[in-house]
Amino acid sequence: MTQLLVERFETMPSQLKLAARFVLDHPQEVALISMREQAQRAGVSHSTMMRLARWLGLEAYEDMRALYAQALREPGAKPAETVETPSVAEDGQGYSTVSATTDMLAAQVARLGEYTSAMQHVAVADILIGARRVYCLGLRSEQVVATHFSRLLSLFDDRGTLLDAAAKGEVDALRHAGPEDVMLVVGMAPYARATVEVARRAAKRGVTIVAITDSRVSPLARLARASVVVTVESHSFFRSVTPALAAAEILIALIAQRSGVDVKEAMRAVEQHLSEYDVYWTPSR
């Protein structure tokens, strides 16, 4: 069912796309909450949810819920975490906010270790390992993720290039890019226009796109050969980048482990280089 939704996504009317994206991004909630509540969260009418089921060849939306409920009962499946946003007035010292936020972040990162997500990481890492050059791109709040990934990669691998599309830095950097290269693109809704446009231009040059993104049907996932899907949910007003940062670190660990690089030797060389340039602060002698 999930694969069918992905395959038919681009041909759906706009309202059905909203419904389909909710189903793809919240499969556990499809099984656990009512159709009307799902429709409300997706921003569509309940009749749209019913039309989505018929679009997929089912007689009723309950048939879709039954399929997702069956998947939820399979070994390893977990119900979605539903922690309500705490009120500021609830705890004057802020403990409940801290506790609820850390609980949510811990659950989000833990989900990256579930089988489906783990296989997404492995698929992306294997593509990155085979690249002649790895271009890293992320703008606005996602820039920190691309920068972190690029810096960690540089500790044991010199194939990485960090792009700055906002400053048109990709123009020269991508001049010789081609089918032997890979671009890791990081982007979550609302997607930065420059991120999508640079990824599209790179794809036209034959560059393989991989992504850290927030949906299997995001514009970046549609361009990518493989994607790691993370959540951006937060207990506050901002979108969280913590799961995306965790995904970047998992990818680095996989690349180091699966590429056969002597990471310890590479790190010794890095530390020696930094020591020669007196990069780190040391107590006065």
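Every value quoted in this text rests on a predicted model; they were computed, and no experiment measured them.

**Comments concerning the overall build of the protein chain**
So, step 1. Along the protein chain, the regular secondary structure elements total 14 helices and five strands.
So, step 2. Counting across all 285 residues of the protein chain, residues that qualify as buried make up 43%.
So, step 3. Pairs at least 24 apart in sequence give 69% of the contacts found in the protein chain among residues at least 6 apart.
So, step 4. Roughly 15700 Å² of accessible area belongs to the protein chain as shown, and the carbon and sulfur atoms make up 54% of that amount.

**Details of the layout of surface pockets**
So, step 1. By volume, the second largest pocket is sized at about 200 Å³.
So, step 2. Lining of the second largest pocket is provided by 13 residues; of these, R216, A221, R225, A226 and S227 occupy positions nearest its centre.
So, step 3. Contributing elements (two or more residues each) for the lining of the second largest pocket: α1 (2-8), α8 (115-129), α12 (219-223) and β5 (226-229).
So, step 4. Take the lining of the second largest pocket: its biggest share by element is three residues, from β5.

**Thoughts on the nonpolar core**
So, step 1. Counting residues in hydrophobic clusters, the biggest one holds 35 residues, and the most contacted among them are L128, F149, I212, V230 and L251.
So, step 2. No other element matches the nine residues that helix α13 (residues 242-258) contributes to this core.
So, step 3. Setting aside its immediate chain neighbours within four residues, V230 contacts L112, M188, I212, T213, D214, P243, A244 and A247.
So, step 4. A19, L24, M35 and V217 belong to the second largest nonpolar core, which has 27 residues in total.

**Observations concerning the environment of D126**
So, step 1. Checked against the element boundaries, D126 lands in helix α8.
So, step 2. Residues D126 and L254, 128 residues apart in the sequence, show an inter-C-alpha distance of 8.4 Å.

**Regarding the confidence of the model for the protein chain**
So, step 1. In this model, the protein chain carries an average pLDDT of 85, and 90% of its residues clear a pLDDT of 70 or more.
So, step 2. This stretch, residues 75-89, has a pLDDT under 50; its non-local contacts, to residues over four places away or in other chains, come to 21 contacts.

**Quick notes on the packing of helix α4 (residues 35-42) against helix α5 (residues 46-55)**
So, step 1. At their nearest, the axes of α4 and α5 sit 8 Å apart, and the two run at 100° to each other. Here α5 runs roughly perpendicular to α4, going by the angle between their axes. Within the contact between the two elements, α4 uses M35, R36, Q38 and A39 and α5 uses H46, M49 and M50.
So, step 2. Residues that form the contact of α4 with α5 fall into these classes: four nonpolar, two polar and one charged.

**Topic: helix α9 (residues 143-154)**
So, step 1. Given a rise of 1.5 Å per residue, 12 residues ought to cover 16 Å, and the 16 Å separating the end C-alpha atoms of α9 matches this to within 8%.
So, step 2. Looking at α9, one finds that the buried residues are V145, A146, F149, S150, L152 and L153. For α9, the arc enclosing every buried residue in end-on projection is 165°, short of the 170-degree limit, so these residues lie on one face.
So, step 3. For α9, the elements touching its buried residues are α8, β1 (134-138), β2 (160-162), β3 (182-187), β4 (208-213) and α13.

**Some remarks on a nonpolar patch on the surface**
So, step 1. A cluster of nonpolar side chains, contributed by Y277, V279 and Y280, occupies part of the molecular surface with about 370 Å² of accessible area.
So, step 2. Here Y280 is to be found in the segment after α14 (263-276).

**A short note on the sheet that holds β1**
So, step 1. Judged by pairing direction, the sheet is parallel, and its five strands sit side by side in the order β2-β1-β3-β4-β5 without closing on themselves. With partners counted over all chains shown, the strands left at the sheet margins are β2 and β5, one partner each. Between one strand axis and the next, the sheet turns by 20° as a mean value, whatever way the strands run.
So, step 2. Here four bridges tie β4 to β5, and the two strands are oriented parallel to one another. Its bridge partner lying in β5, A211 is registered against S227.
So, step 3. Here α8 sits on the sheet and contacts β1, β3, β4 and β5; the angle it forms with β5, its principal contact strand, is near 135°.
So, step 4. Relative to β1, α9 is tilted by about 155°, and along the sheet it contacts β1, β2, β3 and β4.

Reading guide: rules and limits
- Residues numbered from 1 in each chain as written.
- Predicted model: local features only at pLDDT ≥ 70, side-chain atom pairs only at ≥ 80, totals over all residues.
- Heavy atoms only, no water.
- Helix = DSSP H or I, 4+ residues; strand = E, 2+ residues; numbered from the N terminus.
- Buried < 20%, exposed > 50% of the residue type's maximum accessible area, 1.4 Å probe, protein only.
- Contact = heavy atoms within 4.5 Å.
- Areas by Shrake-Rupley, 256 points an atom, 1.4 Å probe, with all protein chains shown as cover.
- 1 Å grid on protein atoms, 1.4 Å probe; cavity = no way out; pocket = protein on both sides within 12 Å on 5 of 7 lines; lining within 4 Å.
- Points joined across faces, edges and corners; volume = space filled by probe spheres on them.
- Core = buried A, V, L, I, M, F, W, Y, C linked by side-chain atoms within 4.5 Å.
- pLDDT = per-residue confidence, 0-100.
- Axes fitted to C-alpha atoms, helices over the stretch in contact; angles between N-to-C directions.
- Parallel < 35°, antiparallel > 145°, perpendicular 65-115°, else oblique.
- Nonpolar A, V, L, I, M, F, W, Y, C, P; charged D, E, K, R; others polar.
- Expected span 1.5 Å × (residues − 1).
- Arc of directions from axis to C-beta.
- Patch = residues over 30% accessible without salt bridge, like charges linked within 9 Å, V, L, I, M, F, W, Y side chains within 5 Å.
- Salt bridge = Lys/Arg side-chain N within 4 Å of Asp/Glu carboxyl O.
- Pairing = 2+ DSSP bridges.

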